[in-house]
Amino acid sequence: MATFGTLSDRLTSTFSALRTKGKLSPADVDGTVREIRRALLDADVALPVVKDFTAAVRERALGDEVNKALNPAQQVVQIVNDELVGILGGEQRRLQFAKTPPTVIMLAGLQGAGKTTLAGKLAKWLKADGHTPILVAADLQRPNAVQQLQVVGEQAGVAVYAPEPGNGVGDPVKVAKNAIKHARDKQHDVVIVDTAGRLGVDAELMKQAANIRKAVDPDEVLFVIDAMIGQDAVSTAKAFQEGVDFTGVVLSKLDGDARGGAALSVASITGRPIMFASTGEGLDDFEPFHPDRMASRILDLGDILTLIEQAQKSFDEEDAKRTAEKFATDSFTLEDFLAQMQQLKSMGSLKGMLGMLPGARGMKDQLENFDEGELTRTEAIIQSMTPKERQLPKLLNGSRRLRIARGSGTTVTEVNALVNRFEQAAKMMKTMAKGGMPQMPGMGPMPGMGGGGGAATARKAAAKKKGKGKSRSGNPAKRAAEEAARAQGLGSGAGAGASGSSFGLGGGAPAGDKQPTAEELEALQKFLGR
Amino acid sequence: MAESAGGWRLGGAMRGLFTRPTIDEGTWDDLETALIGADFGPDVTDEILDQLQEQVNRFRTTDPADLKRMLREALEERLAAFDPTLTLSDRPAVVLVVGVNGVGKTTTIGKFAQFLTSRGRSVVVGAADTFRAAAVDQLATWAERAGADVVRPQQQGQDPASVAYQTVDHATRTGTDIAIIDTAGRLQTKSGLMDELAKVRRVVEKLGPIAEVLLVLDGTTGQNGVAQAEAFIEHAGVTGLVVTKLDGSAKGGFVLRVQQQTGIPIKLIGQGEGIGDLTGFTPHVFAASLVP
């Protein structure tokens, strides 16, 4: 969880210090610029880029546009964001297709950047778009790269041209050349050439890549680069630009927690647009690149849009409506509770998700303490109950609770805590589903609620909650309750949203003062309030 | 190989730096640029700069050659803070190799197996990367080159923990000295996959202790390397670091920060795709190649 590193904390505090000032002095600006510099370096943006960037920000921050603004600090954040988006390429560029097919796309990059996997993703994406791509195995270097491409091709359901066995045997230039003819004969309209990974300093292999390029005359040469790469991005990108001259960049492994400063470095140094981002190991984890989201990510300002997309992917609208109905009619059972929790889990790491919220770094400590295993334990407890018990928690007497605790490998205290928590949640949801805005002990720690001061509010709220409902539970249970309440907060957000309460605003509004644009907010509200 | 390629050094900035007649403001700027450029990260860079500035003032030197020596010593001292020796005395000595995608785990295992077999140890490698397409074949090819046995999964998508178990079991039955287990690459943010790794570890430990858990880090990685290390330490109990791809233009300075912050020593260095391109980590050599 180093993403919420001390530097972004510091950046936040610098910004919040600025927020109280009506006018910025050059000294204020210099201080901020220094923190931005550190934040960028920590995000692995190349030093020369950082220098130019901070100089540009400084100049604009001292200019009229800031001092005439109502809130100078906010204006500075806006400038930083604008500049980042500007460097990252403004708007996204689409693939250029050849006038006479086949369109040839060549992939190049360092070893392990993810070229072969990307070839499969790109092919699948193009296929879904109505094209008939063919993959070409021109990586004859790495052991069994050819087989890997064949498997990937099979998974994507596209043809693979692999005349050579690889493992150092065969001439990749020849393979690439013949592939074009093969594609023309077999009526494939896109040819994707997977090449061997090579280092920028390896002159011989760079020459080979250039030869492949010459042989196939590609319409697009995509440079695949690992989002986790450090300062070396500069020399590598330069070497590849000189060696093969790529036309676009693909950022891979963006599903990690790397801040991806390399994107900025490569775009700024080579002037080539970033066209795609690869965000997972599945062949569908591939999307056109969004410069604005990347800017927020580099500055650690949260990535609301991605969060929403993830949520949309896993939450079923029908389900949410049904849940809301159940709340209202008081027929919400432990079974539903379990289903909801599993849905929540399917969205991926909670920590990761919470981290995407703007201002999340303010809750760093709570995130650190968040135990994902808690969800699993709760699941185990509910699964150790009989269907009848799940429908009617009132049935749970002492001996039943003991049996459940044994069955799930937990303690009776934990079972008790869960039942209490469930009853509380059901009661609260009922009020809310009917349109009321109840006292929400469990909602306090809802991430994003407090924006900058979120941590303090959340902690207070959590403390308050402890005092209220759970005075009789032991210490571990308290913690468990607190965490689960937070989890619940997220999960029920969608459920309550479906019933049209104003609840969604709680999460969205504070986000506005930090970073996301009106558009993003609108999207958020649309999602929460649909 | 790295030396002949001319890579893996603090680069041009450093060379110009130590040819200036005296130490001045520009020297410090250049030094900072060089350190940041080598991925040491802003924190370690500031620490080293402060330390060197303090030393330069104390010894009242203006000679860049002195500064260069101090820099090399400062780096060596930091790098040497932990013991880089591999402990492979158990029989069989079980080595679990973990890391994010594409850092060179399988290649490292191939080279490591060769390193061990050339020293007269018998080696079995377990292909517990049952996820990535053709990873098993890739490992088998390397094992063949290194003269090591290989334990393959019996079916597609088999539980990696069971392959790991079979590997160690095979080593025990055949009296093989060292069992190396390859795992699928996983990003540290994927909690499900990290749990799977913890399971592999638990299952293997049923047969005996694990001698080494090696985390492979890509030398081109930036500051995210620290987050990777922290997550893998938590879930897999990493005991040593392997830094790969140092034959390129990357300097891998972030490993110093990783070592410093986590206390896990760097143990092996990979510098190429050849089977012999893996060496033990010696702080002195590393520091000397960074600051020639």
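Per an unreviewed UniProt entry, chain B is named Signal recognition particle receptor FtsY, and its organism is Microcella pacifica. The annotation that UniProt attaches to chain B under Subunit (unreviewed entry) is "Part of the signal recognition particle protein translocation system, which is composed of SRP and FtsY." Annotation of chain B in UniProt includes, under Sequence similarities (unreviewed entry), the sentence "Belongs to the GTP-binding SRP family. FtsY subfamily."

In the nomenclature of an unreviewed UniProt entry, chain A is known as Signal recognition particle protein of Microcella pacifica. According to the UniProt record, the Subcellular location (unreviewed entry) comment for chain A is "Cytoplasm". What UniProt records for chain A under Function (unreviewed entry) is the sentence "Involved in targeting and insertion of nascent membrane proteins into the cytoplasmic membrane. Binds to the hydrophobic signal sequence of the ribosome-nascent chain (RNC) as it emerges from the ribosomes. The SRP-RNC complex is then targeted to the cytoplasmic membrane where it interacts with the SRP receptor FtsY."

When helices and strands are tallied, chain B shows 12 helices and 8 strands. Within the span of chain B, comprising 292 residues, buried residues form 55% of the whole. Counted over contacts in chain B with a minimum sequence separation of 6, partners at least 24 positions apart contribute 77%.

Take the interface of chain A and chain B next. The accessible area lost on association of the parts is a frequent measure of interface size. Listed by partner, the interface residues are 39 residues for chain A and 40 residues for chain B. The set of elements that each furnish at least two residues to the side of chain A that touches chain B consists of α2 (26-42), α7 (145-156) and α10 (233-243) of chain A. Looking at the side of chain A that touches chain B, the element that brings in the most residues is α7 of chain A, giving 4 residues.

With that out of the way, let us pick up the UniProt feature "domain: SRP54-type proteins GTP-binding" (unreviewed entry) in chain A. On the UniProt side, "domain: SRP54-type proteins GTP-binding" (unreviewed entry) is annotated at positions that read residues 273-286 of chain A here. Segment residues 273-286 of chain A splits into 0% helix and 43% strand. End C-alpha atoms: 16 Å apart.

Among the nonpolar cores identified, the biggest contains 190 residues, and Val 136 and Val 193 of chain A are the most heavily contacted of them. For this core, the element with the most residues is helix α7 (residues 135-146) of chain B, which contributes 7 residues. Apart from the residues lying within four places of it in its own chain, the contact partners of Val 193 of chain A are Val 104, Met 106, Leu 107, Val 136, Ala 138, Ala 176, Ala 179, Ile 212 and Val 216 of chain A. Listed in part, the 12 residues of the second largest apolar core include Ile 382, Met 385, Leu 418 and Phe 422 of chain A.

Moving on: the sheet that holds strand β7 (residues 274-278) of chain A. Residue and element names in this part refer to chain A. A sheet is described by the order of its strands in space; here 8 strands give the open sequence β3-β2-β4-β1-β5-β6-β7-β8, paired in mixed fashion. In the strand order of this sheet, the two ends are held by β3 (159-161) and β8 (286-288), each with one partner. If you compare each strand with its neighbour and ignore which way they point, the axes differ by 25 degrees on average. Where strand β1 (residues 103-109) lies against strand β5 (residues 220-226), 5 bridges are found, and the strand directions are parallel. Paired with Ala 108 across the bridge in β5 is Phe 223.

Three or more residues of helix α11 (residues 254-262) of chain B are buried, namely Phe 254, Val 255, Leu 256, Arg 257, Val 258 and Gln 259 of chain B. Immediately downstream of α11 of chain B, the backbone of Gly 263 of chain B shows phi near 75 degrees, a positive value.

The subject of this paragraph is the packing of helix α6 (residues 115-128) of chain A against α7 of chain A. Between two packed helices, both the angle of their axes relative to each other and the distance between the axes serve to describe the pair. All names here are of chain A. The contact between α6 and α7 brings their axes to 9 Å, and the two run at 25 degrees. If you check the angle between α6 and α7, you find them roughly parallel. When the axes of α6 and α7 are compared, the crossing they make is right-handed. Contacts between α6 and α7 involve Thr 116, Thr 117, Ala 119, Gly 120, Ala 123, Lys 124 and Lys 127 on the former and, on the latter, Ala 145, Gln 148, Leu 149, Val 152, Gly 153, Gln 155 and Ala 156.

Residue and element names in this part refer to chain B. Ordered by their spatial adjacency, 8 strands build an open sheet running β3-β2-β4-β1-β5-β6-β7-β8, and the pairing between neighbours is mixed. Edge strands, defined here as strands with exactly one partner in the open sheet, are β3 (149-151) and β8 (278-280). Averaged over all adjacent pairs, the angle separating strand axes in this sheet is 25 degrees, with direction ignored. In this structure, strand β5 (residues 212-218) lies alongside strand β6 (residues 240-244), joined through 5 bridges in parallel fashion. Residue pairing in the sheet places Asp 218 in a bridge with Thr 244 of β6.

Most peptide bonds take the trans configuration, and most residues that are not glycine carry a negative phi. Here the amide bond leading from Pro 101 of chain A into Pro 102 of chain A is cis, since omega sits at 0 degrees, within 30 degrees of zero. Mapped onto the fold, Pro 102 of chain A is located in the loop between α5 (72-87) and β1. Here the bond from Arg 91 of chain B into Pro 92 of chain B is cis, since omega is -10 degrees, no more than 30 degrees from zero. Within the secondary structure, Pro 92 of chain B sits in the loop between α5 (64-79) and β1 (93-98). If you check the backbone angles, Gln 187 of chain A has positive phi at about 65 degrees while not being a glycine.

Rules of the game
Residues numbered from 1 in each chain as written. Chains lettered and ligands numbered in written order. Predicted model: local features only at pLDDT ≥ 70, side-chain atom pairs only at ≥ 80, totals over all residues. UniProt positions renumbered as here; feature names shortened; annotations may be inferred. Helix = DSSP H or I, 4+ residues; strand = E, 2+ residues; numbered from the N terminus. Buried ≥ 20, exposed ≤ 12 C-beta atoms within 10 Å, placed from the backbone. Contact = placed C-beta atoms within 7 Å. Core = buried A, V, L, I, M, F, W, Y, C linked by C-beta atoms within 7 Å. Pairing = 2+ DSSP bridges. Axes fitted to C-alpha atoms, helices over the stretch in contact; angles between N-to-C directions. Parallel < 35°, antiparallel > 145°, perpendicular 65-115°, else oblique. Left-handed = near helix turned anticlockwise from the far one by under 90°.

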